[in-house]
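Okay, here's what each chain looks like letter by letter:
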Amino acid sequence: MFSFFKRFKKPADAPLDTPQEELPEAAEDEEVSESELERQALAAGVPPEEAMPEAREQAAPAEPAAPVRSVTAAPAAPAAPVKPVAEMPAAPRTEQSKEYWQGRTPSQWSRGPETDQASEEVVPPPEPDPVAKKSWLSRLRHGLSKTSSNLTGIFVSAKIDDDLYEELETALLMSDAGVDATEFLLESLREKVRSDRLTDASQVKAALRELLVDLLRPLEKSLMLGRAQPLVMMIAGVNGVGKTTSIGKLAQHLQRFNQSVLLAAGDTFRAAAREQLTVWGERNNVTVIAQESGDAAAVIFDAVGAARARKIDVMMADTAGRLPTQLHLMEELRKVRRVIAKAMPDAPHEVLLVIDANTGQNALAQVKAFDDALGLTGLIVTKLDGTAKGGIIAAIARQRPVPVYFIGVGEKVEDLQPFSAEEFADALLG
């Protein structure tokens, strides 16, 4: 499942508060009129009990006399009918929604408020071509074959003893899983072997696969579409990880879900970056907003305005590559984020980081640095078809579990596919 289309209800206008200073005066007027009616009834020789109901019916207002003192005491206004997202005005930027990514601790990886499942419209993704799917899985296994052979070879005619665990520890560390994820998996595996009384090496291998799937499953998250128009996506990453190529592939992937796409050439530093993105735009028949020179934030600001005017579904902004240690360049990236928020409230809706799986533990450091600076909502892991060892995703799941939206195993458009924990675990453990 890839996409959810969400429509919001327009909030009903809340009733105005009745000014508190006027309430005592209104109450005094009502008491005077009632006492005057009683005196008139007694003067006419009519009991007040008989005269008051008729008199009150004539004198009392149609509404209850008790004044509304606060908004919460008023009855709820009827809900406005649901309107398509394209017809809804931009929501005001409240104090809670403003810069939600600031003030987060490293251990806090909640990505915003929970989605209201009752108001979602589930749209199934297109059925994948069986031949293309088989080819994709074959390339994924081929890319992770080195790590897979190291791990699966341990279980051939092996005894369940300390030597087995030591070999597993070495293999996991060599796969870039990191110390934390390796210790977590091995401790969990030892406990499972004891509790389930596993005696065969093949059973231990199956148990390790199950534990790996459980570790990676929190990263398996679908990209939510349709919750804003346009849905603004900001793409970041260091130099050479494949940001621009990933944007071009993702644009075609989104078009399979009937999403109109607009691209912003925000990489104004790298030579030919604008031309490269323009080529992808022409290949996918997608408009590219670009300038020959200028500030990246200004280009992206104009692109957001153009996307709103044209009622585009998804706007993706490319950014210049930079290292996390280049503090002045990271500050420019924060500026781009702030400018996007000025162009459209609550944007960007997605902040994606592209990482190269071949960089090993350095990729984890990039995730931490960019997440602290921007508040990442998802990852795109590229180049798993090369010398990548694959364990870095396990390290990310253990230390900074940012959702992995897509993984790439080649240069072709179809080589970028949604991340699946089970498929990845099968490729690692064969």
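Because the structure is predicted, anything quoted here is derived from the model rather than measured.

Glancing now at empty space enclosed by the protein. Here the structure, examined in full by the defined rule, presents two cavities of 30 Å³ or more. Reported here for the largest cavity is a volume of approximately 90 Å³. What lines the largest cavity is Thr-147, Leu-151, Leu-172, Ser-175, Ala-177, Leu-185, Leu-208, Leu-212, Gly-391, Ala-394, Leu-428 and Leu-429. At the level of elements, α4 (145-152), α7 (201-216) and α14 (421-429) are the ones that each hand at least two residues to the lining of the largest cavity.

This next bit is on the pattern of salt bridges. Note that side chains of opposite charge can pair when their charged atoms are close. Tallying each qualifying case throughout the model produces 16 salt bridges. Between Lys-192 and Glu-210 there is a salt bridge whose closest N-O contact spans 3.9 Å. Taken together, the residues Lys-192 in helix α6 (residues 178-196) and Glu-210 in helix α7 connect sequence positions 18 residues apart. With relative accessibility at 40%, the residue Glu-210 sits in the partly exposed group. Each member of the salt-bridge network shares a partner with another, and the members are Lys-192, Asp-196 and Glu-210.

Moving on: the UniProt feature "domain: SRP54-type proteins GTP-binding" (unreviewed entry) in the chain. Under the UniProt annotation, "domain: SRP54-type proteins GTP-binding" (unreviewed entry) lies at residues 403-416. What you have in residues 403-416 is 0% helix and 43% strand, and the ends, taken at the C-alpha atoms, are 16 Å apart.

This next bit is on a negative patch on the surface. The grouping of Asp-161, Asp-163, Glu-166, Glu-167, Glu-169, Glu-183 and Glu-187 at the surface amounts to a negative patch. Looking at which element gives the most residues to the negative patch, the answer is helix α5 (residues 162-174), with four residues. Counting through the fold element by element, Glu-167 comes out in helix α5.

A few words on the pairing of strand β8 (residues 378-382). The buried fraction of β8 is high, at five of five residues. Where burial is concerned, the two faces of β8 agree: the one with Gly-378, Ile-380 and Thr-382 and the one with Leu-379 and Val-381 are both buried. Crossover handedness for the path strand β7 (residues 350-356) to helix α12 (residues 361-374) to β8: right-handed. The pairing of β8 with strand β9 (residues 404-408) spans three bridges and is classified as parallel. When the bridges of β9 are listed, Val-381 appears paired with Ile-407.

A separate point is α4. Considered for burial, the residues of α4 that qualify are Thr-147, Ser-148, Leu-151 and Thr-152. Along the axis of α4, the buried positions cluster into a sector of 115 degrees, meaning they face one direction only. Considering only its buried residues, α4 is in contact with α5, α7 and α14.

What follows is about the nonpolar core. If you look at the biggest cluster of nonpolar residues, it comprises 107 residues, and the most contacted ones within it are Met-315, Met-316 and Ile-407. No other element matches the nine residues that α7 contributes to this core. With sequence-adjacent residues up to four places away left out, Met-315 is seen in contact with Pro-230, Leu-231, Val-232, Met-233, Leu-262, Ala-264, Ile-300, Ala-303, Val-304 and Ala-307.

Moving on, we get to the packing of aromatic side chains. For the structure on display, the rule yields one aromatic pair. Here the guanidinium or amino end of Arg-190 rests over the ring plane of Tyr-165, the centre of that ring lying 4.1 Å away. When the ring centre of Trp-280 is taken as reference, the NZ or CZ atom of Arg-283 above it lies at 4.3 Å.

Judged by pairing direction, the sheet is mixed, and its eight strands sit side by side in the order β5-β4-β6-β3-β7-β8-β9-β10 without closing on themselves. Looking along the sheet, the strands with just one partner apiece sit at the ends: β5 (287-289) and β10 (416-418). Across the sheet, the axes of successive neighbouring strands diverge by a mean angle of 25 degrees, strand direction being ignored. Looking at chain direction, β9 and β10 are connected through three bridges and run antiparallel. Note that in β10 the partner of Gly-408 across the bridge is Leu-416.

Let us now look at the pairing of strand β6 (residues 314-317). One face of the sheet, then the other: side chains in a regular strand alternate in exactly this way. Of the two faces of β6, the one carrying Val-314 and Met-316 and the one carrying Met-315 and Ala-317 are both buried. Where strand β3 (residues 231-236) meets β6, four bridges bridge the pair, whose relative direction is parallel. Along β6, the bridge assignment pairs Met-234 with Ala-317. Relative to β6, strand β4 (residues 261-264) runs parallel, the two being bridged by four bridges. The residue of β6 that forms the bridge with Ala-264 is Ala-317.

Reading the values: rules and limits
Residues numbered from 1 in each chain as written. Predicted model: local features only at pLDDT ≥ 70, side-chain atom pairs only at ≥ 80, totals over all residues. Heavy atoms only, no water. 1 Å grid on protein atoms, 1.4 Å probe; cavity = no way out; pocket = protein on both sides within 12 Å on 5 of 7 lines; lining within 4 Å. Points joined across faces, edges and corners; volume = space filled by probe spheres on them. Helix = DSSP H or I, 4+ residues; strand = E, 2+ residues; numbered from the N terminus. Salt bridge = Lys/Arg side-chain N within 4 Å of Asp/Glu carboxyl O. Buried < 20%, exposed > 50% of the residue type's maximum accessible area, 1.4 Å probe, protein only. UniProt positions renumbered as here; feature names shortened; annotations may be inferred. Patch = residues over 30% accessible without salt bridge, like charges linked within 9 Å, V, L, I, M, F, W, Y side chains within 5 Å. Areas by Shrake-Rupley, 256 points an atom, 1.4 Å probe, with all protein chains shown as cover. Lys, Arg positive; Asp, Glu negative; His and termini not counted. Charge placed at Lys NZ, Arg CZ, Asp CG, Glu CD. Right-handed = clockwise from strand over helix to strand, strands pointing away. Pairing = 2+ DSSP bridges. Arc of directions from axis to C-beta. Contact = heavy atoms within 4.5 Å. Core = buried A, V, L, I, M, F, W, Y, C linked by side-chain atoms within 4.5 Å. Phe/Tyr/Trp six-rings, centres within 6.5 Å; stacked < 30°, edge-to-face > 60°. Lys NZ or Arg CZ within 6 Å of the ring centre and 35° of its normal. Axes fitted to C-alpha atoms, helices over the stretch in contact; angles between N-to-C directions.

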